[in-house]
Amino acid sequence: MNMNKNEIEKEQPLKPSRSQTHPQNLSKHFSLNCSIQTPSSPGPSATHKIEHGRKMNKVESNLYKLSSSAFSDSCLDVGKDSCIEDSEHGTDEAQLIKAKVIIRKPETMTKKEKKVAAPPSLFFKDGKKRIDYILVYKKSSLQVEKRSTFERNLREEGLMLEREQSITNSDIMFVKIHCPWDTLCKYAERMNIRMPFRKKCYYTDWKNRTLNSLFRKTIQLRSWLPKNPMQLDKEALPDLEETDCYTAPFSRARMHHFTITNKDTFFNNSTRSRIVHHVLQRTKYEDGKTKMGINKLLNNGTYEASFPPHEGSYQSRHPIKTHGAKNHRHLLYKRWACWGMWYKYQPLDLIRRYFGEKIGLYFAWLGWYTGMLIPAAFVGLFVFLYGVFTMHSSQVSKEICQATEILMCPMCERNCMLQKLNESCIYAKVTHLFDNGGTVFFAIFMAIWATVFLEFWKRRRAVLTYDWDLIDWEEEEENVRPQFERKYAQVERVNPITGKPEPYQPFMDKLLRLMISILGIFLMISLVLTTVFAVVVYRLVAMEHFASFKWYFVKKYWQFATSGTGVCINFVIIMFLNVVYEKVAYFLTNLEQPRTELEWENSYALKMFLFQFVNLNSSIFYIAFFLGRFSGRPGKYNKLFDRWRLEECHPSGCLIDLCLQMSVIMVLKQTWNNFMELGYPLFHNWWTQHKIKRNEQVMKLPQWEKDWNLQPMNLHGLIDEYLEMVLQFGFVTIFVAAFPLAPLLALMNNIIEIRLDAYKFVTQWRRPLPARATNIGIWYGILEGIGVLAVITNAFVIAITSDYIPRFVYAFRYGPCKGQGYSQERCLKGYVNSSLSVFDLSELGTGQSGYCRYRDYRAPPWSNNSYELTLQFWHVLAARLAFIIVFEHLVFGIKSFIAYLIPDMPKDLSDRVRREKYLVQEMMYDAELEHLQKQRKCQGKQYHQEWP
């Protein structure tokens, strides 16, 4: 393998051998002050002079390295995770010289270094201790003893606390929490937090090894092309340059391994907040194992709120292009949350750094989902436009619009009159927009699209987990919920993995709680079905009244009025029941007592999805598969409670009712969700500020009080955000054959949703706890289930709800092209007349005579088998069943084949991960070896060519 000189130089320090006794070039990565400490003597000995000379040589060497790198584009950034190669254990002289160098040339400071100063409101009164967390309580609270005990125990755990009274409310007190260095190190080791210890080397990158001349020319050609307008400007976002270091679980015993240049910035703000929250969750406020945790104190009113502070204001008087960003929050607002950035990619690394990996992963998934909607929206729009351009040339629409002599039978018992078939001309044309030749193609396309979307998301997630150092996190940092610890503190079992005793939930207790939860789920689903039945009864009652309404427009379009009002009533019921479901799901999840936070979130998310999915889609399933299927025939209609005649489909079909139901619910629900997500916090925050009369006083408020006046994040975190998008994914895929514009509406909504969520997180909500996650949790399994259900439902919609199969059978078996194959619209000539059966009006006993038509395949009244199902009905039924089987097997086969072809992780990324794991082990071994050897030298022991 050909390697250039630079690659060889990079490779040398990263290929250590376990048999080597002198690891090379490791001294420039790790330094140790090993000056010999001796009592004071009248004169220095020769040994002391030698040591002094070595020390000065080392100082000069450090000075040279520091002066050559202090003003270069290195990874030294006070606002970022420090990852330069010198450790904290350098000599004091080197540190002093470093300080002198920086002071000597202030004009060479970068923009990043100029804006590191945080506002005073982010520190204690001494201006040195940074605020990591805020607790809020009322003086009038009666839980004084619990609060005092809790805060005393926090101090014993190593945290520093400082109280300060609110400026706007004398009853409100703020407790500012600072976590000192020793406490951070203790809990970072306990929580297995991974920290940087060596800069990465990319000589193993395939791009550096196999980059041929043609590929280089392609890259050079791309640099001449116009810049992608969706790409973020890295000069405007310097903080996106992430630290690029190898990481390992932090250990105080091996602290010399890690790159610690500044104790104040070694642990970033997100990590500090997570550590403090970990302590708050496990600190007692009373004697006893069950009396612990900040959540319990928040529930009983001891504290009003707890949150990490924002990093200052998100607004500035000066433009960001000329003066730079004041802080990360300001940068996020200008480069992410502003509406002018709607077409730009999201700064995911900056989102992750400020809000944590869990929220960053949510926005990464939302952005990926929105981007994948673009091709689906274009294809759906093409299918819709195809229906628009062929609407007037459709043979079925022509026959319905020209059927002036065909009378349709009354569609209700008392007030409905005979109507001509051509009065359904508009309905027929609108139905053709969604039920045309492109419907089957679009349904297959969307089923494949769902698989491609999920498979490529797994690859995208793998890249993000690597970039964000989350590859091995899940196995290391899963903690037991404090509520679980309190409940089962008396029952312990040794963990087979860790070998440590931990609370244990007996099997029978878990089974009983699970059965009660499942029973509660079925009861709530039964309530949903009851409400759907109530809406069906309303439609049956309302159609009689609208058919005899005094307004001509309503009387003429009484079916549209019935469907429209039914949809609106159903939507109101849906939104009301969602509130009930949320409380029930929360109660049932707590009843189950999940062991970890991840298990709690997955259980709660699954319940909320089941409730809301059934709540939203039950009426749609009724219209798609049950409306008009069991109504009977003229003279022998089926009635509900022997009183109300069951509803029939319109002469042009039931698909128009399905489209109306989907479009109204989808648009109204997304509009309502966006209003509640942003409108309510905006109004609440405006009212809070309005109560503070003097605007000057508002400007003088410290940051923690400004955050207190903001809205807290949703109680259930990102579950509501994911739930909204997953339900939308169901609308986009499950009934997309009936509504091809669904992907386009979802795309338009998501473009707005991303900026709404960004604006809400940055400006309207308190800063949420930066949490970690490696994936989107249970939502991926739910999305896969929706993808499978979408294939089945679309097959049934095309086969049963639409008229695609009846038209197909007629063209090949009964039409003018019988035996010749389907070629064009002329093969459907006579289809409308073939799809309508004849009924003798004299059989109704109302004094009317003549014949009327209705949608069915039955023999005419003058035949020997009057009103019996004809052979054409059985042909159509067989074709429908065959289509469902073929469609499902074909689409599932294509989905499985695509899933097999696309690996979950890119090959080069898999190789890099395995290579880095090997390098980390080698470097940790050699770093420990060098440290022990230096200790021997410092202690004056003889050095041997062997493991010390």
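Starting from 1, residues in each chain are numbered consecutively following that chain's sequence as written. Only residues with pLDDT of 70 or above have their local features reported here, since the model is predicted, and side-chain atom pairs are shown and tallied only from 80 upward, although totals for entire chains, interfaces and linings are computed over all residues. The side-chain figures draw on all heavy atoms in the structure; neither hydrogens nor water molecules are used.

### Structural notes on the overall build of the chain
Point 1. Starting at the N terminus, helices and strands are each numbered in turn, a helix being any DSSP run of H or I of at least four residues and a strand any DSSP run of E of at least two. Per the secondary structure count, the chain includes 34 helices and 16 strands.
Point 2. Looking at the chain as a whole, 49% of its 948 residues are labelled buried.
Point 3. Contacts are assigned to residue pairs with any non-hydrogen atoms lying within 4.5 Å of each other. The contacts in the chain between residues at least 6 apart in sequence include a share of 76% that link residues at least 24 apart. Remark: exposure states derive from per-residue accessible area (1.4 Å probe, protein chains only) relative to the maximum for the residue type, with buried under 20%, exposed over 50%, and partly exposed in between.

### Quick notes on the environment of Met 515
Point 1. Along the polypeptide, Met 515 turns up in helix α21 (residues 507–547).
Point 2. A residue is classified by how much of its surface remains accessible, and Met 515, at 48% relative accessible area, is partly exposed.
Point 3. In sequence terms Met 515 and Glu 592 are 77 residues apart; their C-alpha atoms lie 9.3 Å from each other.

### With respect to the packing of helix α18 (residues 438–467) against helix α34 (residues 907–938)
Point 1. Running from amino to carboxyl end, α18 crosses α34 at an angle of 25°, the nearest separation of the two axes being 11 Å. Classified by the angle between their axes, α18 and α34 sit roughly parallel to one another. Here α18 runs over α34; the crossing is left-handed. Contacts from Ala 462, Val 463 and Tyr 466 of α18 reach α34 at Leu 909, Arg 912, Val 913 and Glu 916.
Point 2. All amino acids are sorted into three groups, where Ala, Val, Leu, Ile, Met, Phe, Trp, Tyr, Cys and Pro are nonpolar, Asp, Glu, Lys and Arg are charged, and the leftover types, Gly among them, are polar. When its residues are assigned to classes, the contact of α18 with α34 shows 5 nonpolar, no polar and 2 charged. Every angle, taken between N-to-C directions, lies between 0 and 180 degrees, and every axis is a line fitted to C-alpha atoms, over only the stretch in contact when it is a helix. Here the angle decides the label: under 35 degrees means roughly parallel, over 145 means roughly antiparallel, 65 to 115 means roughly perpendicular, and every other value means oblique. Each crossing gets its handedness from the near helix: less than a right angle anticlockwise from the far helix is left-handed, clockwise is right-handed.

### Focus on the pattern of salt bridges
Point 1. The rule for a salt bridge is simple: a side-chain nitrogen of Lys or Arg has to be within 4 Å of a carboxyl oxygen of Asp or Glu. Summed over the entire model, instances satisfying the criterion amount to 21 salt bridges.
Point 2. We note a salt bridge from Arg 807 to Asp 435, for which the minimum N-O separation is 3.4 Å. Placement of the pair is Arg 807 in helix α31 (residues 804–814) and Asp 435 in the loop between α17 (425–434) and α18, with a sequence separation of 372 residues.
Point 3. Assessed through its relative accessible area of 14%, Arg 807 is described here as buried.
Point 4. Of the charged contacts, one joins Arg 855 and Asp 803 as a salt bridge, the two residues approaching to 3.4 Å between their closest N and O atoms.

### Side note on the side chain of Ser 837
Point 1. Counting through the fold element by element, Ser 837 comes out in strand β15 (residues 836–840).
Point 2. The term polar contact refers here to a pair of N or O atoms within 3.5 Å; inside protein, the definition further demands a hydrogen-donor-capable atom paired with an acceptor-capable atom, and it admits residues adjacent in sequence only when both atoms are side-chain atoms. A distance of 2.5 Å separates a polar atom in the side chain of Ser 837 from the backbone oxygen of Asp 856.

### Notes on unusual backbone geometry
Point 1. Here Asn 192, not a glycine, exhibits a phi torsion of approximately 55°, which is positive.
Point 2. Position of Asn 192 relative to the elements: it lies in the loop between α6 (181–190) and β4 (194–199).
Point 3. Residue Asn 192 is classed as partly exposed on the basis of its relative accessible area, which comes to 28%.
Point 4. The phi dihedral of Tyr 867 is positive, around 65°, even though this residue is not glycine.

### Some points on the side chain of Glu 162
Point 1. Mapped onto the fold, Glu 162 is located in strand β2 (residues 160–165).
Point 2. A residue is classified by how much of its surface remains accessible, and Glu 162, at 18% relative accessible area, is buried.
Point 3. Polar side-chain contacts of Glu 162 include one of 3.2 Å to the backbone nitrogen of Lys 125.
Point 4. Reaching out from Glu 162, the side chain makes a polar contact with the side chain of Lys 176 at a distance of 2.7 Å.
Point 5. Apart from the residues lying within four places of it in its own chain, the contact partners of Glu 162 are Phe 124, Lys 125, Phe 174, Val 175 and Lys 176.

### Side note on helix α23 (residues 558–592)
The periodicity of an α-helix, 3.6 residues per turn, causes residues three or four positions apart to be oriented the same way.
Point 1. Each residue after the first adds 1.5 Å to the expected span of a helix. Over its 35 residues, α23 runs 49 Å from end to end, which matches the ideal 51 Å to within 8%, given 1.5 Å per residue.
Point 2. Within two residues after α23, Gln 593 carries a phi angle of roughly 55°, on the positive side.

### A few points about a nonpolar patch on the surface
Point 1. Like charges within 9 Å and nonpolar side chains (Val, Leu, Ile, Met, Phe, Trp, Tyr) within 5 Å are joined into patches, using only residues over 30% in relative accessible area that form no salt bridge. Computed by Shrake-Rupley with a 1.4 Å probe, the accessible areas treat only the displayed protein chains as cover when residues are assessed. Residues Phe 507, Met 508, Leu 511, Leu 514, Met 515, Ile 518 and Phe 522 make up a contiguous nonpolar surface patch of roughly 710 Å² in combined accessible area.
Point 2. Since its relative accessible area comes to 39%, Leu 514 is described here as partly exposed.

### Considerations on the UniProt feature "transmembrane region" (unreviewed entry) in the chain
Point 1. UniProt positions are given in the numbering used here, feature names are shortened, and annotations may be inferred rather than shown by experiment. In the numbering used here, UniProt assigns the "transmembrane region" (unreviewed entry) feature to residues 362–389, 439–457, 514–538, 558–581, 604–627, 725–747, 776–800 and 877–902.
Point 2. Along residues 439–457 the backbone is 100% helical and 0% strand, and the end-to-end C-alpha distance reaches 27 Å.
Point 3. Across residues 877–902 one finds 96% helix and 0% strand; the C-alpha atoms that close the span lie 38 Å apart.

### Some words on the state of the cysteines
Point 1. Any pair of cysteine sulfurs within 2.5 Å is marked as a disulfide. One pass over the full model with this rule turns up 2 disulfides.
Point 2. Between the sulfur atoms of Cys 401 and its disulfide mate Cys 425 the distance is 1.9 Å. Classification of the bridge connecting Cys 401 and Cys 425 rests on its S-S torsion, roughly 80°, and on that basis the disulfide is right-handed. Note that Cys 401 is positioned in helix α16 (residues 395–401) and Cys 425 in helix α17, a separation of 24 residues in sequence.
Point 3. With relative accessibility at 22%, the residue Cys 401 sits in the partly exposed group.
Point 4. Residue Cys 409 pairs covalently with Cys 852 via a disulfide, S to S 1.9 Å. Judged by the sign of its S-S torsion, about 85°, the cystine formed by Cys 409 and Cys 852 is right-handed. With Cys 409 in the loop between β7 (407–408) and β8 (419–420) and Cys 852 in strand β16 (residues 851–855), this residue pair connects regions lying 443 residues apart in the sequence.
Point 5. Cys 852 sits in the buried class, given a relative accessible area of 1%.
Point 6. Of all cysteine sulfurs, the one in Cys 185 lies closest to Cys 179, which takes part in no disulfide; the gap is 9.1 Å.
Point 7. A residue is classified by how much of its surface remains accessible, and Cys 179, at 1% relative accessible area, is buried.

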